[in-house]
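For reference, the chains in residue letters:
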Amino acid sequence: MSERLFRPQTQGGIKDSRSYTVFRYINAALIVAICFVTLYPFLNVVAQAFSSEAYINSGQVNLIPKGFNVTTFGYVMGDAMFWRNYGNTVVYTVVATAIAMVLTTTFAYALSKKHLKGRAFFIGVAVFTMFFNGGLIPNYILINTLGFKNTIWAIVIPNAISVFNFLVMKAFFENFPEDLEEAAAIDGLNTYGILWRIVLPLSKAVIATMVLFYAVSFWNSWFTAFLYLDDADMYPVTVYLRNLLAATMGTEALGAGGSGEASQVASNVKAVTMLLTVLPIVCLYPFIQKYFVSGVMLGSVKQ
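Quick notes on the rules
Residues numbered from 1 in each chain as written. Predicted model: local features only at pLDDT ≥ 70, side-chain atom pairs only at ≥ 80, totals over all residues. Heavy atoms only, no water. 1 Å grid on protein atoms, 1.4 Å probe; cavity = no way out; pocket = protein on both sides within 12 Å on 5 of 7 lines; lining within 4 Å. Points joined across faces, edges and corners; volume = space filled by probe spheres on them. Helix = DSSP H or I, 4+ residues; strand = E, 2+ residues; numbered from the N terminus. Nonpolar A, V, L, I, M, F, W, Y, C, P; charged D, E, K, R; others polar. Contact = heavy atoms within 4.5 Å. Buried < 20%, exposed > 50% of the residue type's maximum accessible area, 1.4 Å probe, protein only. Core = buried A, V, L, I, M, F, W, Y, C linked by side-chain atoms within 4.5 Å. Patch = residues over 30% accessible without salt bridge, like charges linked within 9 Å, V, L, I, M, F, W, Y side chains within 5 Å. Areas by Shrake-Rupley, 256 points an atom, 1.4 Å probe, with all protein chains shown as cover. Salt bridge = Lys/Arg side-chain N within 4 Å of Asp/Glu carboxyl O. Polar contact = N/O pair within 3.5 Å; in protein donor to acceptor, adjacent residues only side chain to side chain. Expected span 1.5 Å × (residues − 1).

S.K.: I would appreciate a short explanation of empty space enclosed by the protein in the present structure.
M.R.: Going through the model one piece at a time under the given rule, you end up with one cavity of 30 Å³ or more. Lining the largest cavity we find T89, Y92, T93, I155, F218, W219, S221, A225 and P236. The set of elements that each furnish at least two residues to the lining of the largest cavity consists of α4 (80-111) and α11 (204-220). Its residues assigned to classes, the lining of the largest cavity shows six nonpolar, three polar and no charged.

So this is what it looks like as structure tokens:
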């Protein structure tokens, strides 16, 4: 075999070739550039959220706040309705994510068994809904007929199962070692016992990933609540911030001839609403980031 296939040996171990070293530096530079491009819009929003009206309107705010100002934060967070709607969002997200995880996990685990009769039919029905649905008006009539309108169930039930998340979990369970399940069955565990005591403890990565997907989806959702909820006390915080944004940005007099506080609120309310909406998810992500990549990739790796 040609010696060119091997790296040059040194006393301390294997030395990287010159081409591989160049590749590593270029790869690192590209990753840093991509991270900067990704973070730049978010950092710009943060800077605008804490900047004063004059600097924002003149386009001088880039990555560093100018004319430090928290008037809009005080205006938004000083409203009791904001905290009530924020609490609603927490409740909706927790309840909806819990229901979605139970339904998605059990559905995916059942359809991962190739001996299940009718398996192909149920998978086909699930995939069909990814491309076709009844439409907005039939869905509204259905929710109203079921008595879900102006209740929490209008938020948490219609989107309880994401077909994409279901397919990822199904692929993961299909590659789960069958020997473990057979051994558990020999020891006397039934199907539910195997799922609860064997499968789920070994599926923390994919479960954490699905929790993140569902939580982000329910936390950011506003149209469902806007459509099915009439009581402002039941709104999630996204609808509150949407209404605030529409009120401030849609009234020219507020920014032009209003008071100084009103002008400041109008100038950076968009940045503040975006920051307040995304901040909880940004704080949550680092705790489950280690499961994220492995949780998505595990289902795609064949034994």
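S.K.: Can you walk me through the side chain of S52 in this structure?
M.R.: Within the fold, S52 resides in the loop between α1 (18-49) and α2 (53-57). Apart from residues no more than four positions distant in its own chain, S52 is found in contact with K66, G67, N69 and Q264.

S.K.: In this structure, what is going on with unusual backbone geometry? I would like to understand it.
M.R.: Of all residues except glycine, most have a negative phi; of all peptide bonds, most are trans. Located in the positive-phi region is N150, a residue other than glycine, with phi close to 65°. Its place among the elements puts N150 in the loop between α6 (136-145) and α7 (153-156). Accessibility expressed as a relative area gives 31% for N150, which makes it partly exposed.

S.K.: Please clarify how the layout of surface pockets should be interpreted in this entry.
M.R.: If a probe the size of a water molecule is rolled over the atoms, the empty space left behind becomes visible. Estimates place the volume of the largest pocket at around 880 Å³. Residue lining of the largest pocket: 31 residues in total, with N139, P158, N159, A160 and I161 positioned closest to the centre. Listing elements by their share of the lining of the largest pocket, those giving two or more residues are α5 (119-131), α6, α8 (163-174), α11 and α12 (223-228). Of the residues assigned to the lining of the largest pocket, the class counts are 21 nonpolar, ten polar and no charged.

S.K.: Looking at this structure, how should I read the nonpolar core?
M.R.: The nonpolar side chains of soluble globular proteins are, as a tendency, buried together. The biggest cluster of nonpolar side chains holds 31 residues, and the ones touching the most others in it are F173 and V199. The element best represented in this core is α4, accounting for seven residues. In this structure V199 touches Y109, F173, F176, E181 and I194, once residues within four positions along its chain are discounted.

S.K.: Please clarify how a nonpolar patch on the surface should be interpreted in this entry.
M.R.: Taken together, F36, V37, L39, Y40, F42, L43, L63, I64, L279 and V282 make up a surface patch of nonpolar side chains, about 880 Å² in accessible area. Secondary-structure elements contributing two or more residues to the nonpolar patch are α1 and α15 (260-298). In terms of residues, the nonpolar patch owes the most to one element, α1, which gives six residues. Following the sequence through the fold, V37 ends up in helix α1. A residue is classified by how much of its surface remains accessible, and V37, at 57% relative accessible area, is exposed.

S.K.: Mind showing me how you'd approach the environment of T145 here?
M.R.: The residue T145 is located in helix α6 in this model. In this structure the side chain of T145 is engaged in a polar contact, spanning 2.7 Å, whose partner is the backbone oxygen of I141.

S.K.: Can you walk me through α11 in this structure?
M.R.: Counting along an α-helix, one turn takes 3.6 residues, and residues three or four places apart therefore face a common direction. Here α11 spans 24 Å end to end across 17 residues, near enough to the 24 Å set by a 1.5 Å rise per residue. If you check which residues of α11 are buried, you get A205, V206, A208, T209, M210, L212, Y214, A215, F218 and W219.

Remember that the coordinates give geometry; whether it matters functionally is a separate question.
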